[in-house]
Amino acid sequence: MSVWDGLPGQDHAIAQLQRAVATANPAHAWLVTGPPGSGRSTAARAFAAALQCEVGTGCGVCKACLLVLASNHPDVSLVTTDNVTYAIDDVRQLITTAQARPSGGKWRVIIMEDADRMTERTTNVLLKAIEEPPAHTLWILCAPSPADVLVTIRSRCRPLGLRIPSRESVAQLLVERDGLTPEQADFAARVSQSHVGVARRLARSEEARTRRDRTVRLPLELRTVPDAVRAAGQIVELATSEANASAEDRAGEETAALRQSLGLGPDEQVPPKLRSQFKAVEETAKRRARRGVNDSLDRALIDLTTVYRDLLMIQLETGGDLVNEYLAEPLRQFATRTNPTATLKKIEHIRSARERIAANVTPLMAMEALMAALIPRSSEKPQHPVRST
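Fair warning: this is a prediction, and the values are worked out from it, not measured in the lab.

Quick notes on the rules
- Residues numbered from 1 in each chain as written.
- Predicted model: local features only at pLDDT ≥ 70, side-chain atom pairs only at ≥ 80, totals over all residues.
- Heavy atoms only, no water.
- Helix = DSSP H or I, 4+ residues; strand = E, 2+ residues; numbered from the N terminus.
- Expected span 1.5 Å × (residues − 1).
- Buried < 20%, exposed > 50% of the residue type's maximum accessible area, 1.4 Å probe, protein only.
- Polar contact = N/O pair within 3.5 Å; in protein donor to acceptor, adjacent residues only side chain to side chain.
- Contact = heavy atoms within 4.5 Å.
- Pairing = 2+ DSSP bridges.
- Salt bridge = Lys/Arg side-chain N within 4 Å of Asp/Glu carboxyl O.

Here we look at helix α14 (residues 340–358)
In this model α14 runs 27 Å from its N-terminal to its C-terminal C-alpha over 19 residues, within 8% of the 27 Å that 1.5 Å per residue would give. Inspection of α14 places Ala 342, Thr 343, Lys 346, Ile 350, Ser 352, Ala 353 and Ile 357 among the buried residues, and these make up the whole buried set. One side-chain oxygen at the N-terminal end of α14 lies 3.1 Å from the backbone nitrogen of Thr 341; it belongs to Asn 339. Downstream of α14 by one or two residues, Asn 360 has phi in the positive range, about 70°.

See below:
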């Protein structure tokens, strides 16, 4: 076991981080980038744990490693925001934290998730602290791509790029770490499109699998505007349920890890002096659930995109693997009712809906408009019908 086990298919990145840990003076600022599901936050936590590791390698079992992975190490600050952008006061507080010497660990590590949520003004406040941090401080910023942060930040950070892992590597992780059968693991890796976090949730939760199945079947059932309104309501309801369930699951894992790191049994009463740490986990879970609604909606829209991606592959007869292979027959039947051009337009409608929700348009309004746009039109019927078998 090691802190690197949660990064399937990222051998190149792990090797780079391990070399940095082995040196006495790693780069003072890192920019970890990669598409959703590549494991940006996981890589940042693993790096921080390895830097603090009592063994020096990221063993994953020493007290320092366990505390970092549970987000409870006193010298590792994991920063995120439930707002659209980071507030300047939040960044100024980070700068103050960065000046403090480690209380017991080897480094003062600050991990900033979603660094792309910093405005230019907020970034300018942070520049000096990243450019000339104290010798004991190390910054790790996470973003989808280098282009999502200002060039002034990029130029001051050492880049670390992650890639989407292969379906096989994600499935192997689920088998080895979560005890799934190869069939269960492959299904979860396939429908999640190798998103490790989503794959684990789908593999471990029947409710999550049911929610996703209901979501991807909705386009196949659209006929009228009332259908679209009902479908929009269902997706928003499913997204809210998914966000709450995900937050609860993660809080449970963090609480269990915290108990283990503090030497408390599963049913042992928490001493008064330690209750604040468990309270912090609960408060984080609440904030995560609020923000998670939009994230869950975005995930639902990605799942919807896989439906039209599969339809397009069927219509163009590419012979490639379908993401939703278990729905192959209904998809083939649906493909005969529309044409590739119309399918591409549906994908574009979904992309626009994702942008609206990211811009804080009321989710239900955005989803109603999308579902109405996804209703098959008679004008979309193919001139040369697609074979259904």
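Things to note about helix α7 (residues 167–178)
With 12 residues, α7 ought to run about 16 Å at 1.5 Å a step, and its terminal C-alpha atoms sit 16 Å apart, in line with that. Those residues of α7 that are buried are in contact with α8 (182–191) and α9 (196–204). One or two residues past the end of α7 sits Gly 179, with phi positive at roughly 70°.

Focus on the pairing of strand β1 (residues 29–33)
Among the 5 residues of β1, 5 are classified as buried, and the element is accordingly described as predominantly covered. Burial along β1 is two-sided: the residues Ala 29, Leu 31 and Thr 33 and Trp 30 and Val 32 are all buried. Two strands pair when backbone bridges link them, and β1 and strand β5 (residues 158–161) are joined in this way by 4 bridges, in the parallel orientation. The residue bridging Val 32 from the neighbouring strand is Leu 160, located in β5.

Some details on the pattern of salt bridges
In the structure shown here, the tally under the stated rule is 17 salt bridges. Note that Lys 128 is salt-bridged to Glu 132, the shortest N-O span being 3.5 Å. Across the pair Arg 156 and Glu 131 runs a salt bridge whose closest N-O atoms are separated by 3.7 Å. Of this pair, Arg 156 sits in the loop between α6 (151–154) and β5 while Glu 131 sits in helix α5 (residues 120–131), and the two are 25 residues apart along the sequence. Judged by relative accessible area, which is 37%, Glu 131 ranks as partly exposed. Put simply, Arg 177, Asp 178 and Arg 200 are held in one network by salt bridges that share partners.

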